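Structural characterization, general
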Amino acid sequence: MPSAACQVHQRTYTSHPQITMSDHRPVAADFDVDVDYYDKDFHEAVVQKLYRLVGHMEDSHDRPIVKVDDTFIEFGKVFYGRPVSREIKIENAGKTPCVFRFVPADTDIPIHPDWLRIEPWL
């Protein structure tokens, strides 16, 4: 059952008729599974790059103060074909007006995977 997040390709499928001590017909299969993985070094490099881009703002006393209520979102059990929604709150707690937008971690990758939807899209 391939999806945009995970591709599965069956390579082999074999029965084992020599196994007779079983209540079912034993089979074996080999699969290739293509999944994304978390690259910690890449993530840390991107964070450092973003810090350098906004580092000059640290000396400003009039900068916006943005608070995010949760930086980790727990989805619990997720089932195929059943959408799950979670909400995060982004608040400007400073005195200076501020705008935000979602940006990709790097210019070569999308802002979010195809299976994820962000609303409202600002």
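Each chain has its residues counted from 1, following the order in which its sequence is written. Reporting in this predicted model follows two pLDDT cut-offs: at least 70 for local features of residues, and 80 or more for side-chain atom pairs to be given and counted; totals over whole chains, interfaces and linings ignore these cut-offs and use all residues. Each side-chain value is worked out from all heavy atoms of the structure, with water and hydrogens disregarded.

**As for the overall build of the protein**
A tally of regular secondary structure across the protein gives one helix and four strands. Contacts are assigned to residue pairs that have any heavy atoms within 4.5 Å of one another. Pairs at least 24 residues apart make up 38% of the contacts formed inside the protein by residues separated by at least 6 positions. Areas reported here follow the Shrake-Rupley algorithm with a probe of radius 1.4 Å; residue values treat only the protein chains shown as occluding. Of the roughly 11600 Å² of accessible surface on the protein, a fraction of 55% belongs to carbon and sulfur atoms. We count a stretch as a helix when DSSP gives it H or I for four or more residues in a row; a strand needs E for two or more, and each element gets its number in order from the N terminus.

**So, the packing of aromatic side chains**
In this scheme Phe, Tyr and Trp rings, the latter by its six-membered ring, pair at centre separations within 6.5 Å, and the angle between planes marks the pair as stacked below 30 degrees, edge-to-face above 60, and tilted otherwise. In the structure shown here, the tally under the stated rule is zero aromatic pairs. The lysine or arginine in question, Arg82, covers the ring of Phe79, its NZ or CZ lying 5.2 Å from the ring centre. Whether a charge sits over a ring depends on NZ of Lys or CZ of Arg being within 6 Å of the ring centre and within 35 degrees of the ring normal.

**Describing the pattern of salt bridges**
By salt bridge we mean one thing: a side-chain nitrogen of Lys or Arg within 4 Å of a carboxyl oxygen of Asp or Glu. Inspection of every chain in the model, using the stated rule, returns one salt bridge. The closest approach of N and O atoms between Asp32 and Arg11, which form a salt bridge, is 2.4 Å. Of this pair, Asp32 sits in strand β2 (residues 27–35) while Arg11 sits in strand β1 (residues 6–15), and the two are 21 residues apart along the sequence. Residue classification places Arg11 among the exposed residues on the basis of a relative accessible area of 54%. Type-normalised accessible area, obtained with a 1.4 Å probe on protein chains alone, sets the label of each residue: buried when under 20%, exposed when over 50%, and partly exposed for intermediate values.

**Some points on the environment of Pro26**
Inspection of the secondary structure puts Pro26 in the loop between β1 and β2. With near-sequence residues (within four places) excluded, Pro26 lies in contact with Thr14, Ser15, His16 and Ile19.

**Section: helix α1 (residues 40–54)**
Between the first and last residue of a helix there are one fewer steps than residues, each counted as 1.5 Å, and that sum is the expected span. Relative to the 21 Å expected for 15 residues at 1.5 Å per residue, α1 spans 21 Å between its end C-alpha atoms, a close match to the ideal helical length. As used in this structure description, the phrase polar contact means that two N or O atoms lie within 3.5 Å; if the pair is within protein, one of them must be able to donate a hydrogen and the other to accept it, and residues adjacent in sequence are counted only when both atoms belong to side chains. N-capping of α1 is provided by Asp39, with a side-chain oxygen placed 3.2 Å from the backbone N of Asp41.

**Focus on a nonpolar patch on the surface**
A cluster of nonpolar side chains, namely Val66, Val68, Ile73, Phe75, Val78, Val84 and Ile88, defines an oily patch on the protein surface of about 500 Å² accessible area. Tracing the backbone shows Phe75 in the loop between β3 (66–68) and β4 (90–92). Classification of Phe75 by relative accessible area gives partly exposed; the value is 33%. Patch definition: residues with relative accessible area over 30% and no salt bridge; like charges joined within 9 Å; nonpolar side chains (Val, Leu, Ile, Met, Phe, Trp, Tyr) joined within 5 Å.

**Some remarks on the environment of Arg86**
By secondary structure assignment, the location of Arg86 is in the loop between β3 and β4. Under the relative-accessibility criterion, Arg86 is labelled partly exposed at 44%. With eleven residues separating them along the chain, Arg86 and Phe75 place their C-alpha atoms 7.3 Å apart. When sequence neighbours within four positions are dropped, the list of residues in contact with Arg86 reads Ile73, Glu74 and Phe75. Separated by 3.0 Å, the side chain of Arg86 and the backbone oxygen of Glu74 make a polar contact.

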